[in-house]
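Breakdown of the fold
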Amino acid sequence: MSTVKPMYEWNKTPWRKLEKVVFKLQKRIYQAANRGDIKALRRLQKLLMKSWAAKCLAVRRVTQDNKGKKTAGVDGVKSLTPKQRLDLIGNINLSSKVSPTRRVWIPKPGTEEKRPLGIPTMKDRALQALVKLALEPEWEARFEPNQYGFRPGRSCQDAIGAIFSAIRYKKKYVLDADIAKCFDKIDHEALLKKLNTFPLLRRQIKAWLRAGVMDGQQLFPTLEGTPQGGVISPLLANIALHGMEHRIKEFAKTLDIKKPKGKGQVSWQQKCRSISLIRYADDFVILAR
């Protein structure tokens, strides 16, 4: 248990003040990522993850704000008291020791299938929320502009608006698709390589990815994918899918299409003067003209 005396009682915590402190640090992380200053970026991320304000916000998010706050992990912990929340703040630090997630099956809307969720322990959820506070501004500076799912300040309506604006005045070829079992098939090593973060955080994220899942009384290994239900999983999925638009444009340049009446070949780039991709999570639309 933590021996550090908390600065405030939980119910008297000045949340607005703490949010300003964290936001200023996140803004500096974003600016460092924008200008490519990796040394300053890593220093600021470490500073944020040691910040008492950030730890408070991470704990509040998973114990009060989230809808799944009363869903227990393998440790059975849920619905923490204010004193337990303060104790948790002092116990969330980067380490490679994690617990497996607990598998919960929920129905998919409109089908008889069920979607597996992996519910981490309360401590792992709080630590994931803390890590997300540090990683998110770095990747917000890098993400492609047409990514809309699981990003702050963006919604499904924004993706719909982007599609409407793209097809409003000119006819376009449209390909609507999604990635089957996207969360379940993410390659761990490729994701960690793309993250390219400092060693301690890399080991922590790798430990979460490899933690395994408890389904009933049986432990199953997790050799690929990110657990749906984890706080940081949507961000990791976005990082894994980052660069899709660039790769699709590069691939399109290699395609040859026959001209009408068999008059030789023409490249896709000549045929279609513009190509763009609009993505919401693992659903995407390719628009070509």
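The structure we're discussing is the one just above.
In this report, we go over the structure that sits alongside the text.

Definitions and limits used
Residues numbered from 1 in each chain as written. Predicted model: local features only at pLDDT ≥ 70, side-chain atom pairs only at ≥ 80, totals over all residues. Heavy atoms only, no water. Buried < 20%, exposed > 50% of the residue type's maximum accessible area, 1.4 Å probe, protein only. Helix = DSSP H or I, 4+ residues; strand = E, 2+ residues; numbered from the N terminus. Pairing = 2+ DSSP bridges. Disulfide = S-S within 2.5 Å. 1 Å grid on protein atoms, 1.4 Å probe; cavity = no way out; pocket = protein on both sides within 12 Å on 5 of 7 lines; lining within 4 Å. Points joined across faces, edges and corners; volume = space filled by probe spheres on them. Nonpolar A, V, L, I, M, F, W, Y, C, P; charged D, E, K, R; others polar. Axes fitted to C-alpha atoms, helices over the stretch in contact; angles between N-to-C directions. Parallel < 35°, antiparallel > 145°, perpendicular 65-115°, else oblique. Contact = heavy atoms within 4.5 Å.

Remarks on the pairing of strand β3 (residues 173-178)
Working note: regular strand, side chains alternate between the two faces of the sheet. Of all the 6 residues making up β3, 0 are buried; the element is thus mostly uncovered. Pairing between β3 and strand β9 (residues 283-288): 6 bridges, direction antiparallel. Note that in β9 the partner of A177 across the bridge is F284.

Describing the state of the cysteines
Counting across every chain of the model gives 0 disulfides. Free cysteine C156: the closest other cysteine sulfur is in C182, separated by 16 Å. For C156, a relative accessible area of 36% translates into the label partly exposed. Given the relative accessible area of 7%, C182 is considered buried.

Description of the layout of surface pockets
By volume, the largest pocket amounts to about 940 Å³. Taken together, 39 residues form the lining of the largest pocket, with R115, P116, F183, D184 and Q228 sitting closest to its centre. Those elements giving two or more residues to the lining of the largest pocket turn out to be β1 (101-107), β2 (114-119), α8 (199-209) and α9 (233-241). Counted by class, the lining of the largest pocket contains 17 nonpolar, 10 polar and 12 charged residues. What the second largest pocket holds in volume is close to 740 Å³.

Digging into the packing of helix α7 (residues 188-195) against α9
How two helices sit against one another is set out by the angle between their axes and by the gap between those axes. One can describe the packing of α7 onto α9 by two numbers: an axis separation of 9 Å at closest approach and a directional angle of 85°. Judged by the angle between their axes, α7 and α9 are roughly perpendicular. Across the interface between the two elements, L191, K194 and L195 from α7 touch L236, I239 and A240 from α9. When the residues that make up the contact of α7 with α9 are grouped by side-chain class, the tally is 5 nonpolar, no polar and 1 charged.

With respect to empty space enclosed by the protein
A probe matching the size of a water molecule, rolled over the atoms, marks out where space remains unfilled. For the structure on display, the rule yields 2 cavities of 30 Å³ or more. In terms of lining residues, the largest cavity is bounded by 13 residues, among which T101, Q128, W208, L209 and P227 are the most central. For the lining of the largest cavity, the elements supplying multiple residues, two or more each, are α5 (122-140), α8 and α9. Ranked by the residues each element gives to the lining of the largest cavity, the list is headed by α8, at 3 residues. Per-class residue counts for the lining of the largest cavity are 8 nonpolar, 4 polar and 1 charged. Its volume calculated, the second largest cavity comes out at about 40 Å³. Surrounding the second largest cavity, F150, C182, F183, P234, A237, N238, L241, R279, A281 and D282 form its lining. The leading source of residues in the lining of the second largest cavity is α9, at 4 residues. When the residues that make up the lining of the second largest cavity are grouped by side-chain class, the tally is 7 nonpolar, 1 polar and 2 charged.

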